[in-house]
Amino acid sequence: MVTPVQPYAARKRYACPGCNGFIEPGEGHLVVVPDDYPDLRRHWHRACWFLEQRRRHGR
Ligand SMILES: [Zn+2]
């Protein structure tokens, strides 16, 4: 499950697993929760998640 986070809702700094960088407070991004592992929430840059999807699905 992927949930967009609006800039105003981003109040903390998060680590992005896609680029090992940080998502700064106030930056819009995505929260990704695996259906099977609801505890494994991850915050991603939009661009990083997009690239990850392409990687997973090949090409
Ligand atoms: Zn990133």
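Up top is the structure these notes are about.
The structure contained in this document is the topic of the report that follows. (Residues numbered from 1 in each chain as written. Predicted model: local features only at pLDDT ≥ 70, side-chain atom pairs only at ≥ 80, totals over all residues. Heavy atoms only, no water.)

1. Details of the nonpolar core
Right, on to step 1. Y14, C16, I23, L30, V32, W44, C48 and W49 together form the largest nonpolar core, which totals 8 residues.
Right, on to step 2. Apart from residues no more than four positions distant in its own chain, W49 is found in contact with V2, L30, V32, W44 and R56. (Core = buried A, V, L, I, M, F, W, Y, C linked by side-chain atoms within 4.5 Å. Buried < 20%, exposed > 50% of the residue type's maximum accessible area, 1.4 Å probe, protein only. Contact = heavy atoms within 4.5 Å.)

2. Thoughts on the sheet that holds strand β5 (residues 42-44)
Right, on to step 1. Read across the sheet, 3 strands follow the order β1-β4-β5 without closing on themselves; strand pairing throughout is antiparallel. One side of each edge strand has no neighbouring strand; the edge strands of this open sheet are β1 (2-5) and β5. Taken pair by pair, the neighbouring strands of this sheet meet at an average axis angle of 30°, ignoring direction.
Right, on to step 2. Where β1 meets strand β4 (residues 29-32), 4 bridges bridge the pair, whose relative direction is antiparallel. In the sheet register, V5 faces β4, and the bridge partner there is H29. (Pairing = 2+ DSSP bridges. Helix = DSSP H or I, 4+ residues; strand = E, 2+ residues; numbered from the N terminus. Axes fitted to C-alpha atoms, helices over the stretch in contact; angles between N-to-C directions.)

3. Thoughts on unusual backbone geometry
Right, on to step 1. We note that N20 has phi near 60°; this positive angle belongs to a residue other than glycine.
Right, on to step 2. Turning to its location among the elements, N20 is positioned in the loop between β2 (14-15) and β3 (22-23).

4. Description of the pattern of salt bridges
Right, on to step 1. Counted under the stated rule, the structure contains 3 salt bridges.
Right, on to step 2. We note a salt bridge from E52 to R55, for which the minimum N-O separation is 2.8 Å. On the criterion of helical spacing, the pair formed by E52 and R55 is a turn pair, its members being 3 residues apart in helix α1 (residues 46-57).
Right, on to step 3. Judged by its relative accessible area of 14%, E52 is buried.
Right, on to step 4. E52 is the partner of R56 in a salt bridge, and the nearest nitrogen-oxygen pair spans 2.9 Å. Of this pair, R56 and E52 both sit in helix α1, 4 residues apart, which is roughly one turn of the helix.
Right, on to step 5. R56 sits in the exposed class, given a relative accessible area of 53%.
Right, on to step 6. Linked by salt bridges that have partners in common, E52, R55 and R56 make up one network. (Salt bridge = Lys/Arg side-chain N within 4 Å of Asp/Glu carboxyl O.)

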